[in-house]
Amino acid sequence: MPTHPLAEVFGFPADNLSAGTERYRNNRLCPYNNRVPSCTKDKANDPLGVCSIYDDEQPVITCPVRFRQDWLIAEDAARFFFPPETRWTSLTEVRLNDRNGRSAGNIDVVIVAHDQNGKILDFGSLEVQAVYISGNVRLPFAEYMGDRQKNSAMDWRGQQYWPRPDYLSSSRKRLMPQLLYKGGILAGWGKKQAVAVQRPFFDTLPELEEVPPAQADLAWLLYDLELDPAQNRYQLVHSRTVYTSFDAAIRRITTAEAGPVDFFVAQLQEKLDQQLESGNPPDAPTLSDPGLT
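For every chain, the first residue of the written sequence is number 1, and numbering continues from 1 along that sequence. A pLDDT threshold of at least 70 governs which residues receive local features in this predicted model, and a stricter bar of 80 or more applies before side-chain atom pairs are shown or counted, although totals over entire chains, interfaces and linings include all residues. Side-chain descriptors were evaluated using all non-hydrogen atoms of the structure, hydrogens and water having been removed beforehand.

Describe helix H1 (residues 19-27), naming the residues involved and giving the relevant values.
Think of it in three bands: residues with accessible area under 20% of the maximum for their type are buried, residues over 50% are exposed, and the middle band is partly exposed, with areas taken using a 1.4 Å probe on protein chains only. Comment: elements are numbered from the N terminus, with helices defined as DSSP H or I runs of at least four residues and strands as E runs of at least two. Those residues of H1 that sit buried are Thr-21, Glu-22 and Arg-25. The arc that holds every buried residue of H1, seen down its axis, measures 95°, which confines them to one face. Of the exposed residues in H1, those oriented more than 90 degrees away from the buried face are Ala-19 and Asn-26. With its phi angle positive at about 55°, Arg-28 sits one or two positions after the end of H1. By construction, the arc corresponds to the directions joining the helix axis to the C-beta atoms.

If you want it as structure tokens, here you go:
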């Protein structure tokens, strides 16, 4: 069981203190194909260089750039988008406008198919979703960076605001609004889409109806982090791909399942009883209120 929450700091496990690893930390570099050589997470001038945190013993990716290791996600998305032997490349942070010219946001990665002269023949959209954190990860990060040799196995247990993955906020507040708006435009164009997430994140979503790959227009690319003991480094590994219909998947995820109404009625009754017992009037007047007659 880890004694602190930091799984990877500037790309490597916290207890990996080799000279090559420390070069990344000393220079605040990102080894995973950020748009610039440096890590820019949270603050460009004071980056929060935590790529993943532990949830129990499982490293959970908290930085979307972490998914770019070896550009495996682009290769897997291209395999879904295009026929074999297609020439393709990837473009990052591409702005998408709606019909009225208003920005719908940036697409994380656009995979474009092109001919030998560079003319675009087709494209697909790849969204990448890491996990939001509840709690405070900057405090243990600052403690670790203050003396890495001493704090590589620091005991952070018992500290307030231990950082944990917030899967619900990650899906409802981030991923689904993006898929609804940006994805709706791409679906209107008839373009295939892919979403890269870590497998534990996908497991928190409602069960989605799978379709044959040839019928799918939305693919969920699922990954894990597996430790390579020889290098003392986590490797991004493709776990599996889940093929779905865009419309069906969106409806399933955004439609809340109704529980028993009795629980809600009991909650209403409890609140009403508390108001009546305290002598406070209801929040709004009733029809029998003298002021309304």
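Could you give me a rundown of the pattern of salt bridges, with the residues and numbers involved?
Any Lys or Arg side-chain nitrogen found within 4 Å of a carboxyl oxygen on Asp or Glu counts as a salt bridge. Under the counting rule described, the total for this entry stands at 14 salt bridges. With a shortest N-O distance of 3.3 Å, Arg-79 and Glu-75 are connected by a salt bridge. Of this pair, Arg-79 and Glu-75 both sit in helix H2 (residues 72-81), four residues apart, which is roughly one turn of that helix. A residue is classified by how much of its surface remains accessible, and Arg-79, at 53% relative accessible area, is exposed. Overall, the relative accessible area of 38% leaves Glu-75 in the partly exposed class. In this structure, Asp-122 and Lys-191 form a salt bridge, with 2.7 Å as the shortest nitrogen-oxygen distance. Taken together, the residues span a long stretch of sequence, with Asp-122 in strand S7 (residues 120-128) and Lys-191 in the loop between helix H5 (167-188) and strand S10 (193-198) at a distance of 69 residues. With relative accessibility at 28%, the residue Asp-122 sits in the partly exposed group. A single network of salt bridges, built from pairs that share partners, joins Glu-22, Arg-25 and Arg-148.

Quick one: what's the story with a nonpolar patch on the surface, residue by residue and with numbers?
Patches were defined on residues exceeding 30% relative accessible area and lacking a salt bridge, with like-charge contacts within 9 Å and nonpolar side-chain contacts (Val, Leu, Ile, Met, Phe, Trp, Tyr) within 5 Å. Each accessible area value is a Shrake-Rupley result obtained with a 1.4 Å probe; residue values ignore everything except the protein chains displayed when judging cover. Taken together, Val-261, Phe-264, Val-265 and Leu-268 make up a surface patch of nonpolar side chains, about 380 Å² in accessible area. Inspection of the secondary structure assignment puts Val-265 in helix H8 (residues 261-278).

How would you summarise the sheet that holds strand S2 (residues 12-13) if you had to cite specific residues and measurements?
Paired strands are those between which DSSP finds at least two bridges. Pairing is antiparallel across the open sheet formed by four strands, whose spatial order is S2-S1-S3-S4. With one partner strand each, in any of the chains shown, S2 and strand S4 (58-61) form the two edges of the open sheet.

Outline unusual backbone geometry, supporting the account with residue identities and numerical values.
Phi at Asp-70 is positive, roughly 60°, even though this residue is not glycine. A positive phi angle, near 50°, is found at Glu-93, a position not held by glycine. Inspection of the secondary structure puts Glu-93 in strand S5 (residues 88-97).

Tell me about the layout of surface pockets, and please be specific about residues and values.
Definitions used for this entry: grid spacing 1 Å over protein atoms alone; cavity, a set of points where a 1.4 Å probe fits but cannot get out; pocket, an open set with protein on both sides within 12 Å along at least 5 of 7 lines; lining residue, one with an atom within 4 Å of a point. Grid points are joined across faces, edges and corners, and a volume is the space filled by probe spheres set on the points. Empty space within the largest pocket amounts to approximately 770 Å³. Lining the largest pocket we find 35 residues, and of these Lys-41, Thr-62, Cys-63, Pro-64 and Val-65 sit closest to its centre. Three classes are used, and their members are as follows: Ala, Val, Leu, Ile, Met, Phe, Trp, Tyr, Cys and Pro are nonpolar, Asp, Glu, Lys and Arg are charged, and the others, Gly among them, are polar. Along the lines of polarity and charge, the residues of the lining of the largest pocket split into 19 nonpolar, eight polar and eight charged. Size it by volume and the second largest pocket reaches roughly 300 Å³. In this structure, the second largest pocket is lined by 14 residues; those nearest its centre are Leu-168, Ser-171, Arg-172, Pro-206 and Ile-253. Put simply, the parts of the chain that give the lining of the second largest pocket at least two residues each are H5 and helix H7 (246-254). Examining the composition of the lining of the second largest pocket, we find that five residues originate from one element, H5, more than from any other. The residue makeup of the lining of the second largest pocket, split by class, is seven nonpolar, four polar and three charged.

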